[in-house]
Amino acid sequence: MFYMDVPKIKGKMGEKGYNTTTLAKALGISRNTLSSYLAEPDKFPYDILEKLAVILFDNVEEARKIIFAQKLA
């Protein structure tokens, strides 16, 4: 299991001009499905994570740090 930094994902969505509806459309999924994935990130299918990374992040390292973040608790 991995920890996804969802607040940072949402921040990147805003930076790139996406909301849940527009990002879901770009990913080829419904808004409700994207909302569910963001609520439970471990449910994200790999192919959707890959598309998300391409759409939102400027480079692989940035995507890795946010999608596979370390949970310091």
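Since the structure is predicted, the reported quantities are computational estimates derived from the model, not experimental observations. (Residues numbered from 1 in each chain as written. Predicted model: local features only at pLDDT ≥ 70, side-chain atom pairs only at ≥ 80, totals over all residues. Heavy atoms only, no water.)

(A) Highlighting the packing of helix H1 (residues 6-15) against helix H5 (residues 60-67). Here H1 crosses H5 at 140°, and the two axes come no closer than 8 Å. Taken together, the axis directions place H1 and H5 in an arrangement best described as oblique. Residues Lys8, Ile9 and Lys12 of H1 lie in contact with H5, whose contacting residues are Glu62, Ile66 and Ile67. When grouped by side-chain class, the residues that make up the contact of H1 with H5 number three nonpolar, no polar and three charged. (Axes fitted to C-alpha atoms, helices over the stretch in contact; angles between N-to-C directions. Helix = DSSP H or I, 4+ residues; strand = E, 2+ residues; numbered from the N terminus. Parallel < 35°, antiparallel > 145°, perpendicular 65-115°, else oblique. Contact = heavy atoms within 4.5 Å. Nonpolar A, V, L, I, M, F, W, Y, C, P; charged D, E, K, R; others polar.)

(B) How the structure looks around the side chain of Lys12. Within the secondary structure, Lys12 is located in helix H1. Relative accessible area serves as the criterion here: at 4%, Lys12 is assigned to the buried category. Excluding residues within four positions of it along the chain, Lys12 makes contact with Leu56, Phe57, Asp58, Glu62 and Ile66. (Buried < 20%, exposed > 50% of the residue type's maximum accessible area, 1.4 Å probe, protein only.)

(C) Examining the packing of aromatic side chains more closely. Throughout the structure, instances matching the rule amount to one aromatic pair. Consider the rings of Tyr37 and Phe44, whose centres lie 4.9 Å apart with planes at 35°: the pair is tilted. Here Tyr37 falls in the buried class, since its relative accessible area comes to 16%. (Phe/Tyr/Trp six-rings, centres within 6.5 Å; stacked < 30°, edge-to-face > 60°.)

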